[in-house]
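Below, each chain spelled out in residue letters.
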Amino acid sequence: MRLGAFNRYRNAVATVAGREAWYSELALNTANSIASDGLAIDDKRLYVKAANGHALQALDAGMPGKLGAQTETLAGSMGQILDWTTAPYDTGLVAACDSNGTVELWSDGMPAAAVRTHGTAACNSVRFHPTVAGVLATVSSSTSAKNSQIRLWNINSSTESAYWDCAVGGIVDSIAVRGDGQLLSASTHDGLVLLFDPRKGAASSDSAIGKTASVYAAGRPTRCIWLGEKPYLLSTGLSRMRERSAALWDQRNLAKPLASLKLQPSTKSLIPLFDEDTQLAYLGEKGDNTVRWVDADPSSAMPLAELGSVVLQSQISGCALMPKRSLKVMSGEIARLHVVVENSGAGTGSAVIPISHVAPRRSYLDFHADLFPDTRAPLPAQSFEQWVAQEPFSIPKVSLDPSLAAASMESTRRRFGAAAAPQQQLSRPSAAEPVKPAPKQPDVPVQRAMPTPESTPITSAAVVSPQDVSEPAAGAAPRSLGAADTHTSVPEAPKAPAPAPAPA
């Protein structure tokens, strides 16, 4: 055992929600790429792949139940969807990539953009940059040629070419961008994890700034994620005996992992998720029915020590974490995991099951600041130009205390207002590589401008400053109210005449 502190959340208890809180009777397609989590979540919606595989279904997070076909559909000119994700800096913005090499974006359910990322080759994975609005990372792998292409796109730019292009020898299973946006990692089918700095221009696998030791068997699926903005990674894969395993790495010394964990044999990879605020990692066993959580803090006494698990009745095909801002913090809820199961066991179809992770406390009358540090705000931290120039910056964060949340969000929005300014018009695919636009609804206009967090304020009250009200010029006569300034009133009905006095 190493010298270090134990995770303060090690005694948290996980509770599977009752069937009335499930999102059930869903017709889903669970054939996704290795890099896909099978589910994406923001503060408002849960996104799953529809049964036909060419569209996403958006489930209202606040309305569980037997949904059936009563769900919102995000459709477009998509091929077979392979992966999809939500933007950490903009609630309601979701991107999906398909087998035709196209990435489509929707904002609050409306089509926002379409980008041809890899010609006609399949795009296996897509990820949003965590600190810069409008930047996407994509990867395309060819199993026949055994090579891959990783690209970084600035979709707010007027150019239609990738900002960064990296050729990788071998098959890339998944990609991830570090929490501060400085580095990009790629896990390969050879059992390795490669590290790149996208700001150093075009690259190849030979120019990777780091490469892990081989701890997984070649030819089997791998995944990798960053532990927030820290220089640590968590990778998953299969051993030569087909044992599912996870490893914790320090990017400054990739010769051997800091810690490792081995589980039961399987043919499918683990789905790794990380909670930056609690330093807990969740491992969903795809194809099986178990979700585990481990201590992923590299400085703890026992890194990757298993702290608990939940066994479900059906096979897992996807899982994702609910953003912290939507948790029931006054009930001690430190995390809420949503799991997609292929057969819900109640009625027909698949279901999404919430699993609440609660830290025990003697009383929940007050806000427990020791359990809930400030969390990431849904705002970009820097502009694309600032990121390229490697200017120093800080991550925007807000308080989870309900009595301070609104003021904290407003203060953070003012501080990071420059990075959250309205973006340029999204670039469209070139004529040489046309992409059919999404079908328009007859009564709903399709917006093509890049949505920003400014367009969706947290509070509904509008604040008008005195400078916004124009004063009349000196000496000018007061402006009289016109027809547009007055309210239309209904004339009163004429009063009935008073009755005549009765005769004496």
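Further up the page is the structure itself.
Since the model is a prediction, treat every value here as computed from it, not as a measurement.

Draft legend 1. Looking closely at empty space enclosed by the protein. Applying the stated criterion to the full structure yields five cavities of 30 Å³ or more. Roughly 60 Å³ of volume is contained in the second largest cavity. If you go around the second largest cavity, the residues you meet are Ala14, Tyr282, Val291, Trp293, Val310, Ala335, Arg336, Leu337, Ile355, Ser356 and His357. Counting only elements with at least two residues in the lining of the second largest cavity, the list comes to β27 (290-295), β30 (333-341) and β31 (350-358). Tallied by class, the residues present in the lining of the second largest cavity amount to eight nonpolar, two polar and one charged.

Draft legend 2. Expanded view of the pattern of salt bridges. Tallying each qualifying case throughout the model produces 20 salt bridges. Measuring nitrogen to oxygen at the nearest pair gives 2.7 Å for the salt bridge that ties Arg223 to Asp37. With Arg223 in strand β21 (residues 223-226) and Asp37 in the loop between β2 (23-26) and β3 (40-41), this residue pair connects regions lying 186 residues apart in the sequence. In terms of burial, Arg223 and Asp37 fall into one category: buried.

Draft legend 3. How the structure looks around the packing of aromatic side chains. Summed over the entire model, instances satisfying the criterion amount to seven aromatic pairs. Ring plane angle 45° and centroid distance 6.4 Å describe the contact between Tyr282 and Trp293, whose orientation is recorded as tilted. Of the two residues, Tyr282 is situated in strand β26 (residues 280-285) and Trp293 in strand β27; the sequence distance between them amounts to 11 residues. Trp293 sits in the buried class, given a relative accessible area of 6%. Put simply, the rings of Tyr163, Phe384 and Trp387 touch in pairs and so form one group of aromatic residues. It is Arg178 that lies over the ring of Trp226; its NZ or CZ is 5.7 Å from the centre.

Draft legend 4. Representation of helix α2 (residues 405-415). For α2, every residue scored as buried is listed here: Ser408, Met409, Thr412 and Arg413. One side of α2 holds all its buried residues, which, seen down the axis, span an arc of 135°. Away from its buried face, by an angle of more than 90 degrees, α2 presents the exposed residues Ala407, Arg414 and Arg415. Elements that come into contact with the buried residues of α2 comprise β33 (397-398).

Draft legend 5. Up close: the side chain of Gln382. On the secondary structure map, Gln382 appears in the loop between β32 (375-376) and α1 (384-388). Among the polar contacts listed, one links the side chain of Gln382 to the side chain of Thr131, at a separation of 3.3 Å.

Draft legend 6. How the structure looks around the sheet that holds strand β28 (residues 306-311). The sheet built from four strands is open, its strands ordered β25-β26-β27-β28 with antiparallel pairing. Only two strands of the sheet have a single partner each, and these edge strands are β25 (270-275) and β28. Strand after strand, the sheet turns through a mean of 20° between neighbouring axes, direction not considered. In terms of strand pairing, β26 meets β27 through five bridges, oriented antiparallel. Paired with Tyr282 across the two strands is Trp293, which belongs to β27.

Draft legend 7. Just the nonpolar core, in detail. Counting 42 residues, the largest nonpolar core has Leu337, Val339 and Val352 as the members making the most contacts within it. With six residues, the top contributor of residues to this core is β30. Not counting residues within four places of it along the chain, the set of residues in contact with Leu337 comprises Leu273, Tyr282, Val291, Cys319, Ala320, Leu321, Ile353, Pro354 and Ile355. Core analysis: the second largest hydrophobic core is formed by 19 residues, Val135, Val139, Leu152 and Cys166 among them.

Draft legend 8. Expanded view of the environment of Leu233. Relative to the elements of secondary structure, Leu233 occurs in strand β22 (residues 232-238). Judged by its relative accessible area of 1%, Leu233 falls in the buried class. When the C-alpha atoms of Leu233 and Ala296 are compared, they prove to be 9.6 Å apart, with 63 residues separating the residues in sequence. Ignoring sequence-local partners within four residues, the contact set of Leu233 consists of Ser185, Val193, Leu195, Ile225, Trp226, Leu227, Ala247, Leu248, Trp249 and Gln251.

Cut-offs used in this document
Sequence order as written defines the numbering, with residues in each chain counted from 1. Reporting of local features is limited, given that this is a predicted model, to residues whose pLDDT is at least 70; pairs of side-chain atoms are given and counted only at 80 or more, and all residues count toward the totals for whole chains, interfaces and linings. Hydrogens are left out, water is left out, and the side-chain values use all remaining heavy atoms of the structure. For cavity detection a 1 Å grid was placed over the protein atoms alone, and a set of points counts as a cavity when a 1.4 Å probe fits there but cannot get out; an open set counts as a pocket when protein lies on both sides within 12 Å along at least five of seven lines, with lining residues being those that have an atom within 4 Å of a point. Grid points are joined across faces, edges and corners, and a volume is the space filled by probe spheres set on the points. Secondary structure counts use DSSP, requiring at least four H or I residues in a row for a helix and at least two E residues in a row for a strand, with both numbered from the N terminus. Three classes are used, and their members are as follows: Ala, Val, Leu, Ile, Met, Phe, Trp, Tyr, Cys and Pro are nonpolar, Asp, Glu, Lys and Arg are charged, and the others, Gly among them, are polar. Whenever Lys or Arg places a side-chain nitrogen within 4 Å of a carboxyl oxygen from Asp or Glu, that contact is recorded as a salt bridge. Burial classes: relative accessible area under 20% of the type maximum marks a residue as buried, over 50% as exposed, and values in between as partly exposed (1.4 Å probe, protein chains only). Only centres within 6.5 Å qualify two rings of Phe, Tyr or Trp (six-membered ring in Trp) as a pair; their planes then separate them into stacked at under 30 degrees, edge-to-face at over 60, and tilted for everything else. By definition, being over a ring means that NZ of Lys or CZ of Arg is both within 6 Å of the ring centre and within 35 degrees of the ring normal. This arc is built from the directions going out from the helix axis to the C-beta atoms. Any two residues whose heavy atoms approach within 4.5 Å are treated as being in contact. Any pair of N or O atoms that falls within 3.5 Å is considered a polar contact. Within protein, one atom must be able to donate a hydrogen and the other to accept it, and sequence-neighbouring residues count only if both atoms are side-chain atoms. Only strands that DSSP links by at least two bridges are regarded as paired with each other. Working convention: axes come from line fits to C-alpha atoms, limited for helices to the stretch in contact. Angles between N-to-C directions cover 0 to 180 degrees. Definition of nonpolar core: a set of buried residues of the types Ala, Val, Leu, Ile, Met, Phe, Trp, Tyr and Cys, connected through side-chain atoms within 4.5 Å.

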